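# Results of the structural survey
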Amino acid sequence: MRVTQSMLSNNMLRNLSESYRKLGKYQDQITTGKKVNRPSDDPVVVMKGIGYRTELNKVQQFSRNIGEAYNWLDTTDDTLDKIGSALQRARELMVQASSDTATPEDRLQINSELQQLREHIQSLANTKIGNKYIFSGTKTTTPPFDNGYPEPIDDAFFKGIEIEVFSGIQIQINTTPIQLLKDIDSIFSDINTSMDKESAGKLSSFLESIDNVMDKILTTRADIGARQNRIELMDERLQSQEVIATKQMSENEDIDYEKAITNLITQESIHRAALSTGARIVQPTLVDFLR
Amino acid sequence: MRSTFMGLEASKRGLYTQQSALYTTGHNIANANTEGYSRQRVNMEPTLGYPGTGLNAPKVAGFIGTGVKASSVQRIRDAFVDRQYRQETNKLGYWETKSKSISQLEDILNEPSDYGLAKALDGFWNSLQDLHVHPEDGGARTVVVQRAIAVADSFHYIYNSIQQLKENAANEIGITLRDINSVLEQIAHLNYQIQSVEPNGYMPNDLYDERDKLLDQLSTYIPIELEYEKSGGNALAIAEGSVRVFLKLSDGTKVKLVDGKDFAQLRNSGASTSDGLTPTKSVEGFKIVRVDEFGKETVVDKNWNVDIDNNAQIKINQFSNLGKLKSLVDSYGYDINGNQKGLFPENLEKINKLAKEFAEAFNKLHGLGTDLDGDPGVEFFVKNNSKDKEITAGNIYVSDTIINSPNKIAASDSGKAEPGNGKAEPGNGNAEPGNGNAEPGNGNAEPGNGKNALALANLKFQTLEGLFGVSIQSYFEGFVGQLGVDGQQAERLTYNAQTLQQSVSERRSSISSVSLDEEMTNMIAFQQAYNANARMITAIDEILDKIINGMGRVGL
């Protein structure tokens, strides 16, 4: 085949620009840290990449949701604990009041402390997370007690608030002891009306009702504890999921730096070689050697 | 008897011929870097021997050489390689343009990245998840509204950008047609010049080169087929003659575009701008017209081209997938029996479908929920232009009602769970007619209920009938994937065509391009031959000197 100067110089140009293209590709890979930058680089990687991103985003969102669940359950548990202590104190006071040795004056004094406890329990029942009443079911903007009087309740007060903590898995984060709270309140209200009228024997029957509601509080707390455990498990699972999803995404689309840098250096030396051979081949012609 | 001065004549011929070869070498060197130039060679041939034949020819030992003459100057070129080159150029023109169009689409979609539609949809999903955790929170609601606006904006951006690409493609079709028409005219003009030169026995090599360059250019635009017609008169046997250019259709039909000095022009047959070049609607096909000197256009008839019917319209599906013109039309969009096809229209339709199905499914679900006041959800996404039949990616907007009062987002499912109202018991003797909670609407307002928000969030992963049974997420993934696969194919075929074209181009250079070393060698050869001829003349001069001055002077 006949080879001419213009063919040589054209080929040299073409090879050099191809070499630059490869250098550019490696440069892109190293600066962005990604194997692919557009769908046509590798459609499968890109499609998977979109999926993994969504997956990771989901896991992060669920972690955020779980944080909220912790917040609710811990607050509820703590509040019920405080209500329990208040009831404990109320029981002690009732034991004093139902003794035959207590004078009516003593009883009135005890009652005034009991009524303070009632207000305390009411304000505990009105506990808020942010601006949400935790014991109002889904009517989170309505307090269970308003100015010391129980609000009229409807079905919504018994409804659970469920949040998604994993694809398709929902956990109830609120507790709905609204009836229990009302019962407690009515016990206090009954005590208030009967304290100065009834006999000691009659008053001691309140002890039983208090024991009753304290029992119920404990049962409710046991349920919360069980849910807390479940959420902790879910949280651990989510954390490992996040690591897995991040790893998958990275394996799918991130470059291997050792490999990319090695490729770049190899390409660089090829490029140098191409430049130097090009410079040697293109220069001399017969003209240089003719007198 | 031969003439005394015959030797002078033979050597003079040698001088002249070597000189013209030397000049041609100079021409070659001068054009070493001219694009499309083919090296030229002086064909030398010995002049007729002496004596010539005839009755009164002298009886001497026959056919003494009388020198040399330059019979013709020929360019070195291989028509077969040209043909191959043009075939590959056809393919390259098609795939290169296609690859460019697809990569423009990829740029618009901007996937994989943190700024594309997928990311906007993810963000919207996040905000709805947050809303389902904090349904009564005004902040969470505002975020949902803003993220929804971001989703709508992403749709608008894609829609408008594809429209823009379409417009650009239309302009490029117009420019390409103008280029094709201009090339056709130039070829016809060159034909005319060649036809007037050749009958005189000349070889217009530089005109041939010019014409071949134009034919190369034409073959990037459309697939062509050539026929040559020899000139009459005193034309040389190796003269190429005028060229007839045909457009080759997919069924092998040939449509004549240039014939000698006559040429036709291409026009859009469908809706287009007043010059008939830039399409304004999907391309239907092209028509062939002839323009007279007053600029009047007439569609060609059977007298011009025997192969096509009278109306001279070429439907777009008669074009094979070759050349830049067809590729541009494929991108811009074309019309086959009322069906809109093409890269941009089809992708636009896909993104419109996605927007429509997403908005409709979302609205439907939103309508099932209740807002902060217990009212059923209003339309969340609306089309801003009431003239449009349905929601598209271009006209999807978040409804003003929602933007102005984010409390209208129906995050709760209370209406669904409790048809009728809270404690409403009609006819139970109470003085409360109708509803117990004195709340309008059919739902009991439950600010802490975020179930519908969750359902709205997870709509993204639900299969939709309208999207052929896949979810919004996977439909979009499929959309990007399809584009990627097409782009990859176009790139690969471009690369193939480029490699083939390069190797043919290499072969062509190997035959036709100027080698300076070769020219230098030739230069020395011709120069030395010239010198030798001159020396020959000196030698003859010397023998003549002997005859004239030295003879008949015996003893002097």
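Residues numbered from 1 in each chain as written. Chains lettered and ligands numbered in written order. Predicted model: local features only at pLDDT ≥ 70, side-chain atom pairs only at ≥ 80, totals over all residues.

## A short note on the overall build of chain B
- From N to C terminus, chain B includes twelve helices and 16 strands.
- The C-alpha atoms of chain B give a radius of gyration of 40 Å, which is well past the 24 Å a tight globule of 556 residues would have.
- If you line up chain B on its principal axes, its C-alpha atoms span 170 × 50 × 35 Å.
- A burial count over chain B gives 42% of its 556 residues as buried.
- Sequence-distant contacts, at least 24 apart, represent 70% of the contacts inside chain B between residues at least 6 apart. (Helix = DSSP H or I, 4+ residues; strand = E, 2+ residues; numbered from the N terminus. Rg over C-alpha atoms; globule rule 2.2 N^0.38 Å. Buried ≥ 20, exposed ≤ 12 C-beta atoms within 10 Å, placed from the backbone. Contact = placed C-beta atoms within 7 Å.)

## Some remarks on the overall build of chain A
- When its secondary structure is counted, chain A shows six helices and six strands.
- Across chain A, helices and strands are ordered from the amino to the carboxyl terminus as α-α-α-β-β-β-β-β-β-α-α-α.
- Against the compact-globule benchmark of 19 Å for 291 residues, chain A has a radius of gyration of 38 Å, which places it well outside the compact range.
- For chain A, the proportion of its 291 residues judged to be buried stands at 27%.

## Topic: the interface of chain A and chain B
- If you look at the interface, chain A gives 39 residues, while chain B gives 46 residues.
- Residue assignment for the side of chain A that touches chain B shows that the elements contributing at least two residues are α1 (5–32), α2 (43–97) and β5 (162–166) of chain A.
- At twelve residues, the largest contribution of residues to the side of chain A that touches chain B is made by α2 of chain A.
- Partitioning the side of chain A that touches chain B into residue classes produces 14 nonpolar, 14 polar and eleven charged. (Nonpolar A, V, L, I, M, F, W, Y, C, P; charged D, E, K, R; others polar.)

## A look at the nonpolar core
- In this structure, Ile 158, Leu 184, Ile 187 and Ala 355 of chain B are the most contacted members of the largest nonpolar core, which totals 105 residues.
- Looking at which element gives the most residues to this core, the answer is helix α4 (residues 138–197) of chain B, with 22 residues.
- Non-local contacts of Ala 355 of chain B, meaning those with residues more than four positions away in its chain, are made with Phe 155, Ile 391, Thr 392, Ala 393 and Ile 396 of chain B.
- Residues Ala 69, Tyr 133, Ile 134 and Ile 184 of chain A belong to the second largest nonpolar core, which totals 38 residues. (Core = buried A, V, L, I, M, F, W, Y, C linked by C-beta atoms within 7 Å.)

## Thoughts on the domain arrangement of chain A
- Its domain assignment divides chain A into domain 1 (7–35 + 254–289) and domain 2 (49–250).
- Distance from the C-alpha centre of domain 1 of chain A to the C-alpha centre of domain 2 of chain A: 72 Å. (Domains from an automatic or database assignment.)

## Some thoughts on helix α12 (residues 516–550) of chain B
Residue and element names in this part refer to chain B.
- In this model α12 runs 49 Å from its N-terminal to its C-terminal C-alpha over 35 residues, within 8% of the 51 Å that 1.5 Å per residue would give.
- Among the residues of α12, Glu 519, Asn 522, Met 523, Phe 526 and Asn 533 are the ones counted as buried.
- Buried residues along α12 sit against α1 (6–30).
- Looking one or two residues past α12, Gly 552 carries a phi angle of roughly 70 degrees, positive in sign. (Expected span 1.5 Å × (residues − 1).)

## With respect to helix α3 (residues 104–125) of chain A
Residues and elements named next belong to chain A.
- If you check α3, its first and last C-alpha atoms are 31 Å apart, about what 22 residues at 1.5 Å a residue would give, namely 32 Å.
- For α3, the set of buried residues is Arg 107, Ile 110, Asn 111, Leu 114, Arg 118, Ile 121, Gln 122 and Ala 125. Projected down its long axis, α3 carries its buried residues within an arc of 130 degrees, all on one side. Residues of α3 that are exposed and angled more than 90 degrees away from the buried face: Glu 105, Ser 112, Gln 116 and Glu 119.
- Residues of α3 that are buried in the fold lie against α2, β3 (145–146) and α4 (178–194). (Arc of directions from axis to C-beta.)

## Brief notes about the packing of α2 of chain A against helix α5 (residues 200–253) of chain A
All names here are of chain A.
- Two elements in contact, α2 and α5, have axes separated by 7 Å at closest approach and are oriented at 165 degrees. With respect to their mutual orientation, α2 and α5 come out roughly antiparallel. Of the two elements, α2 crosses α5, and the hand of that crossing is left-handed.
- Of the residues assigned to the contact of α2 with α5, the class counts are 29 nonpolar, eleven polar and ten charged. (Axes fitted to C-alpha atoms, helices over the stretch in contact; angles between N-to-C directions. Parallel < 35°, antiparallel > 145°, perpendicular 65-115°, else oblique. Left-handed = near helix turned anticlockwise from the far one by under 90°.)

## Focus on the sheet that holds strand β6 (residues 262–263) of chain B
- Across the sheet, four strands lie side by side as β3-β4-β5-β6 (chain B); this open sheet has antiparallel pairing. Because the sheet does not close on itself, it has two edges, and the strands there are β3 (224–229) and β6 of chain B. (Pairing = 2+ DSSP bridges.)

## Comments concerning unusual backbone geometry
Residues and elements named next belong to chain B.
- Cis rather than trans, the peptide bond between Tyr 50 and Pro 51 has omega equal to -5 degrees.
- Mapping Pro 51 onto the fold places it in the loop between β1 (40–46) and β2 (68–75).
- For Asn 110, which is not a glycine, the phi torsion comes out positive at approximately 55 degrees.
- One can find Asn 110 in the loop between α2 (79–109) and α3 (117–133).
- The exposure class of Asn 110 is partly exposed, given the 19 C-beta atoms found within 10 Å.
- Of note, the phi angle at Asn 337 is positive, near 50 degrees, even though the residue is not glycine.

## Topic: the environment of Arg 141 of chain B
- Following the sequence through the fold, Arg 141 of chain B ends up in helix α4.
- Not counting residues within four places of it along the chain, the set of residues in contact with Arg 141 of chain B comprises Leu 131, Pro 406, Asn 407 and Ile 409 of chain B.

## What about the pairing of strand β6 (residues 169–172) of chain A?
All names here are of chain A.
- Relative to β6, β5 runs antiparallel, the two being bridged by four bridges. Its bridge partner lying in β6, Ile 163 is registered against Ile 171.
- Counting the residues that bridge the hairpin from β5 to β6 gives two residues, and of these Gly 168 lies at a positive phi of roughly 80 degrees.

## What to know about the confidence of the model for chain A
- Taken residue by residue, chain A gives an average pLDDT of 89. The fraction at 70 or more is 100%.
- Confidence scores differ between elements of chain A, with strand β4 (residues 149–150) of chain A showing the lowest mean pLDDT of 80 and helix α6 (residues 257–282) of chain A the highest of 92. (pLDDT = per-residue confidence, 0-100.)

## Quick notes on the packing of α2 of chain A against helix α11 (residues 472–512) of chain B
- Their axes nearest at 8 Å, the elements α2 of chain A and α11 of chain B cross at an angle of 160 degrees. Between α2 of chain A and α11 of chain B, the crossing angle belongs to the class labelled roughly antiparallel. The handedness of the crossing between α2 of chain A and α11 of chain B comes out as right-handed. Of the residues in α11 of chain B, those touching α2 of chain A at Pro 43, Val 46, Met 47, Ile 50, Gly 51 and Thr 54 of chain A are Gln 473, Glu 477, Val 480, Gly 481, Gly 484, Val 485 and Gln 488 of chain B.

## Description of the environment of Gly 260 of chain B
Residue and element names in this part refer to chain B.
- Following the sequence through the fold, Gly 260 ends up in the loop between β5 (254–259) and β6.
- In this structure, the C-alpha to C-alpha distance between Gly 260 and Val 300, residues 40 residues apart in sequence, is 16 Å.
- In this structure Gly 260 touches Asn 191, Gln 195 and Ser 242, once residues within four positions along its chain are discounted.

## Remarks on the confidence of the model for chain B
Residues and elements named next belong to chain B.
- Averaged over every residue, the pLDDT of chain B is 87; the share at 70 or more is 93%.
- Mean pLDDT values over the elements of chain B span from 56, in helix α9 (residues 414–417), up to 95, in helix α5 (residues 205–221).
- Across residues 416–442, confidence stays below pLDDT 50; counting only partners more than four residues off in sequence or on other chains, it has 33 contacts.

## Here we look at the environment of Ser 242 of chain B
Residue and element names in this part refer to chain B.
- Mapped onto the elements of the fold, Ser 242 is located in strand β4 (residues 242–248).
- Exposure remark for Ser 242: the 23 C-beta atoms within 10 Å place this residue in the buried category.
- Note: C-alpha distance between Ser 242 and Asp 122 (120 residues apart in sequence) is 65 Å.
- In this structure, Ser 242 is in contact with Asn 191, Ile 194, Gln 195, Glu 229, Ser 231 and Gly 260, ignoring residues within four places of it in sequence.

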